[in-house]
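Here is what each chain is made of, one letter per residue.
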Amino acid sequence: MARPHSPESRLGRHLLECEREFIHDVVVSRQGHVETIARELGVSPRHAYAKLTQYGLTELAHSLKAAQRTTTFRRQFRMGEKPAPLA
């Protein structure tokens, strides 16, 4: 018999899905910035990145961060500012 909070139990699967949804929402709200995601989750950036990897959210984080950089670059270009180099 599975332990109550093991991934094999219904409760364990539900908890993992809730955690994944919560982390997904944080990734979107923080536009993929791992440092701010980690701060909001109350964990180290290394642990936050491990969670992103565990739940398959690293690509989402990278694409959101890239989209934000592109938007910032375009806005700076339109305003006549010297754009910061893309890292």
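If you're wondering where the values come from, they're calculated on a predicted model, not measured in any experiment.

Asker: How do you make sense of the overall build of the chain when you look at a structure like this?
Answerer: Helix and strand counts for the chain stand at 4 helices and 0 strands. Along the chain, helices and strands appear, N-terminal first, in the series α-α-α-α. In the chain, which comprises 87 residues, the share counted as buried stands at 21%. Considering only residue pairs separated by 6 or more positions, the chain has 42% of its internal contacts joining residues 24 or more positions apart. Counting only carbon and sulfur atoms, one obtains 57% of the accessible surface of the chain, whose full area is about 6,600 Å².

Asker: When you look at unusual backbone geometry in this model, what are you seeing that I'm missing?
Answerer: Most peptide bonds are trans, and most residues other than glycine sit at a negative phi. If you check the backbone angles, Gln31 has positive phi at about 55° while not being a glycine. Positionally, Gln31 belongs in the loop between α1 (10-29) and α2 (34-41).

Asker: Help me out: how do you make sense of the packing of α2 against helix α3 (residues 45-54) in this one?
Answerer: How two helices pack is summed up by the angle between their axes together with the distance between the axes. Packing of α2 against α3 brings their axes to within 8 Å, and their N-to-C directions diverge by 95°. Accordingly, the angle class assigned to the pair α2 and α3 is roughly perpendicular. Between α2 and α3, the residues in contact are Val34, Ile37 and Ala38 and Pro45, Ala48, Tyr49 and Leu52, respectively. Within the contact of α2 with α3, the residues separate by chemical class into 7 nonpolar, no polar and no charged.

Scoring rules and cut-offs
Residues numbered from 1 in each chain as written. Predicted model: local features only at pLDDT ≥ 70, side-chain atom pairs only at ≥ 80, totals over all residues. Heavy atoms only, no water. Helix = DSSP H or I, 4+ residues; strand = E, 2+ residues; numbered from the N terminus. Buried < 20%, exposed > 50% of the residue type's maximum accessible area, 1.4 Å probe, protein only. Contact = heavy atoms within 4.5 Å. Areas by Shrake-Rupley, 256 points an atom, 1.4 Å probe, with all protein chains shown as cover. Axes fitted to C-alpha atoms, helices over the stretch in contact; angles between N-to-C directions. Parallel < 35°, antiparallel > 145°, perpendicular 65-115°, else oblique. Nonpolar A, V, L, I, M, F, W, Y, C, P; charged D, E, K, R; others polar.

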